[in-house]
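# Commentary on secondary and tertiary structure
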Amino acid sequence: MAQDPIRDESPQDTLNTLAEELARHDALYHQLDAPEIDDAQYDALRRAYLELAKQHPDALPIQGPQTRVGASPADGFQKITHAVPMLSLENVFSTKELADWVEGIRNFLMELRDPSIEIRFCCEPKIDGLSCSLRYERGELTSAATRGNGVEGEDVTHNAKTIADIPQQLKGSGWPDILEVRGEVYMSDADFLRLNEEQDRLGAKRFANPRNAAAGSLRQLDATITRNRPLCFFAYALGEISAPFAKSQSEMRLKLAEWGFTLNEPAQVCTERNGSLSPLQDFYDLLAARRSDLGFSIDGLVIKVDRLDWQLRLGFVSRAPRWAVAWKFPPEQASTQIEDIRCQVGRTGRITPVAYLKPISVGGVLVSRATLHNADEIARKDIRVGDSVIIQRAGDVIPQVVSVQLSQRPANSVHYLFPSQCPACGSSLRREEGDADTYCPGGLTCPAQVQERLSYFVSRQALDIEGLGEKNIALFIEKGLIHSPVDIFTLEARESSWLDANGKTIPLLKYWDGWGPQSATKLFDAIRRAREPSFERFLVALGIRQVGEATARLLGRHFLTIHALLECLDRALSGDEIASAEFLAIDGIGESMLKDLLDFRAEPHHREILNALLNERVLPDQVTEGPLLRVKDFVPPDSQSPIAGKTVVFTGTLERLSRSEAKAQAESLGAKVAGSVSSKTDFLVAGPGAGSKATKAAELGVRVLSEQDWIDLMHTNPE
DNA sequence: CAGCCTCGAGTTCT
DNA sequence: CTCGAGGCTG
């Protein structure tokens, strides 16, 4: 049905007509499940539309498919900030670890310290796909986002709309006005095999495993590609909801099914009491046995506290909920040989030995290298070149050497001798007493360190200069065009007078092999954009030891400008105790970090680099809010609560709340929990057996509450 | 001073 | 993702 655009119609009319047609076929396909045209015809129609849209970008219909296709910026996806952060799960690998986790829950919720009280757990298979958050407003799908870093994900709405398992309009009734449903996008084993056959036929690259195929398919800028990929979706959790509609995980599942979602099966509610984990163990065994005939890949099971009120009270630790855990199957292992062990030099000079392996497939991915961490690790496992070793992928990602198969060791094998000289610069390596790592002292005289530092300077968490990756940094260094960070920014201005080591003229970038006018312009544009980094990125880029994203943010929040930070450092260097104290007063900065900051500032070479950058007008911004990465910061404490901003101390035996729950609850209401009573303390919550703290509170005139008073206070609504 | 939690650094492959 | 180390808490 690929009609030629009708010539005497204006492009705008044609685009409108095509857009309407596409919308109609989308609806037929997804909502009514009754397509009138096949996929090839649909594709042709879409291509005709896109082709014309490209020629007449100003004539695009406002409601046209471009809002779903090709509307994203050329360099990738739009970002979506999650209303409720998407967390990851803590893993356990044994019944022992599972028992510890259950015990932790019983300790946190006071009334569950009686082991005869049963806890119901909702258990589901853990699908190997990628998590996705779907937002429904008044029953209509409005956006879809990947997990990303948990706080900010990629907008894949246009792709989600092509997945049959994802309802565009909720069925039934009774859903809240705002409903965020979270689940897993995945590909079945059969579809994965079929897709790879198709890829072969098209001469395209095969996917290594269903997970990668699903990820690759969802992360397509062109939704017509996603539409032709057989993706599925399981719902398993909620994000933001405007009103509660269930009391338990299992009840929530039933509602979601009613509203048109597919659930992951088999799922089961398992009960634990008196320490007996056998119902959970039985379900684990059942899934392990059925693993190969489920039709999709799973890597374990997810166990959730079924009661939602308990989930709410249990809350989160770090990036994972306390109320759920992933019980993982043992990772797949494989055996291969170590062909060589070579040492890499990192930007800090740290030497990392890496095993080069005879390539082997582990968990669907070809592995050819594995880190050996350090000399002790090699000695402990007595790893030698030529050995047969067992490899597994830790957390299904990073390959690791589990053990050596000694029975297969060649007769002539010798211990691995850790190098005494840097493989890059030849300096004698150093290892401090009690330190696990070996370092090259070469610093800026070591070419490997210079290159790694420059790579770090432009890397994603630092200045994030697109198009200037490891390979191109190496290239510019090799041509002698970049020696220090500031050279990156003068690169373009110097372009017409580039000289090589022999004084011979180097041609303009666009004439280099593999480069053209487009890629050259793109690179220079990216460099220009990097002249105004955020405070945090700029500080990270400097590569001060122990100063990464979080610490940079901490310093930024306190000092606001680079100049204020440098000024305070300079004062501290000249012996000003008040300046040092200012650093140590920042929550999270201690002696050791201060020392590294001072060492950095005292080094003349670092001063030069910093001055050169500032002179070249690479100017970091004042601190702005920016994306917060800590979940703790993400969920704003309830500032309406009567205890918001107050400092509380707990003492004695609490009978209804556990210490940890009392603390977590107080913090979520905006209070600060301190360890000892001082003049800053607003409340002392004293249970039976309170001792010196109660005395001190009386002396200072601090208000003393019983546990019951405290609970009442927390449930008071301010008027 | 021990036992948390958090952070940084280095890691693999697509 | 994992490791080790720093910093805070009790």
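Along each chain, numbering runs from 1 in the same order as the chain's sequence is written. Labels are handed out in written order, letters beginning with A for the chains and numbers beginning with 1 for the ligands. Totals for whole chains, interfaces and linings use all residues, but because this is a predicted model, local features are given only for residues with pLDDT of at least 70 and pairs of side-chain atoms are given and counted only at 80 or more. The basis for every side-chain value is the complete set of non-hydrogen atoms in the structure, without hydrogens or water.

## Digging into the protein's contact with DNA strand C
Here is the rule we go by: We call a residue near a given molecule or strand whenever any one of its heavy atoms falls within 4 Å of it. Whenever two N or O atoms come within 3.5 Å, that pair is a polar contact, provided that in protein one can donate a hydrogen and the other can accept it, and provided that, for residues adjacent in sequence, both atoms are side-chain atoms. Numbering goes from the N terminus for both helices and strands, where a helix is a DSSP run of H or I of at least four residues and a strand is a run of E of at least two. All amino acids are sorted into three groups, where Ala, Val, Leu, Ile, Met, Phe, Trp, Tyr, Cys and Pro are nonpolar, Asp, Glu, Lys and Arg are charged, and the leftover types, Gly among them, are polar.
The immediate surroundings of DNA strand C are formed by 14 residues, with Gln546, Gly588, Gly590, Ser592 and Met593 found nearest. If you look at DNA strand C and keep only atoms within 4 Å of the protein, 100% of those are sugar or phosphate atoms. Here a phosphate oxygen of DNA strand C sits 2.9 Å away from a polar atom, N or O, in the main chain of glycine 588. Residue glycine 590 places a main-chain N or O atom 2.9 Å away from a phosphate oxygen belonging to DNA strand C. Per-element tally for the surface near DNA strand C: the top contributor is helix α20 (residues 591–602), with 3 residues. Class assignment for the residues of the surface near DNA strand C results in 6 nonpolar, 6 polar and 2 charged.

## Some details on the domain arrangement of chain A
The extent of an interface is frequently quoted as the accessible surface area lost upon association of the parts. Threshold: As annotated, the domain borders come from an automatic or database domain assignment. Any two residues whose heavy atoms approach within 4.5 Å at even a single point are treated as in contact. Simply put, the buried area is the total loss of 1.4 Å probe accessible area from both parts when two parts are fitted together. By definition, a salt bridge exists where a carboxyl oxygen of Asp or Glu is found within 4 Å of a side-chain nitrogen of Lys or Arg.
The assigned domain composition of chain A is domain 1 (11–67), domain 2 (100–328), domain 3 (335–445), domain 4 (446–529), domain 5 (535–631) and domain 6 (636–714). The C-alpha-based centres of domain 2 and domain 3 are spaced at 37 Å. With 4 residues of domain 2 at the interface, the matching set in domain 3 holds 4 residues. Summed over both partners, the interface of domain 2 with domain 3 comes to about 240 Å²; 36% of that surface belongs to carbon and sulfur atoms. Together, Ala208, Asn209 and Lys328 form the three largest contributors to the area buried by domain 2 at its contact with domain 3, with a combined 79%. Run the count over domain 2 and domain 3 and you get 0 salt bridges. The interface formed by domain 2 and domain 3 holds 0 residue pairs in polar contact (both at pLDDT 80 or more) in total.

## Comments concerning the protein's contact with DNA strand B
Thr348, Thr352, Ser368, Gly548 and Thr551 are the nearest of the 27 residues found near DNA strand B. Among the atoms of DNA strand B lying within 4 Å of the protein, the sugar-phosphate backbone contributes 96%. Separating a phosphate oxygen of DNA strand B from a backbone N or O atom of glutamine 546 is a distance of 3.4 Å. For the surface near DNA strand B, the elements supplying multiple residues, two or more each, are β15 (351–362), β16 (365–371), β18 (398–404) and α17 (549–559). Ranked by the residues each element gives to the surface near DNA strand B, the list is headed by β16, at 6 residues. Its residues assigned to classes, the surface near DNA strand B shows 11 nonpolar, 10 polar and 6 charged.

## Points about the packing of aromatic side chains
Where two aromatic rings form a pair, the distance of their centres and the angle of their planes describe that pair. This is how it is decided: Two aromatic rings, drawn from Phe, Tyr or Trp (for Trp, its six-membered ring), form a pair once their centres lie within 6.5 Å of each other, and the interplanar angle then sorts them: stacked below 30 degrees, edge-to-face above 60, tilted otherwise. The classification of residues rests on relative accessible area computed with a 1.4 Å probe and restricted to protein chains. Under 20% of the type maximum is buried, over 50% is exposed, and intermediate values are partly exposed. Here, a charge over a ring is recorded when the distance from Lys NZ or Arg CZ to the ring centre is within 6 Å and its angle to the ring normal is within 35 degrees.
One pass over the full model with this rule turns up 15 aromatic pairs. Measuring from centroid to centroid gives 5.6 Å for tyrosine 136 and phenylalanine 261, while their planes differ by 90 degrees, and the two rings are edge-to-face. Remark: phenylalanine 261 occurs in the loop between α8 (249–258) and β9 (268–272) and tyrosine 136 occurs in strand β4 (residues 130–137); sequence separation between them is 125 residues. The exposure classification of tyrosine 136 matches that of phenylalanine 261, with both residues buried. Positioned over the ring face of tryptophan 310 is arginine 307, at 4.1 Å from the centre of the ring.

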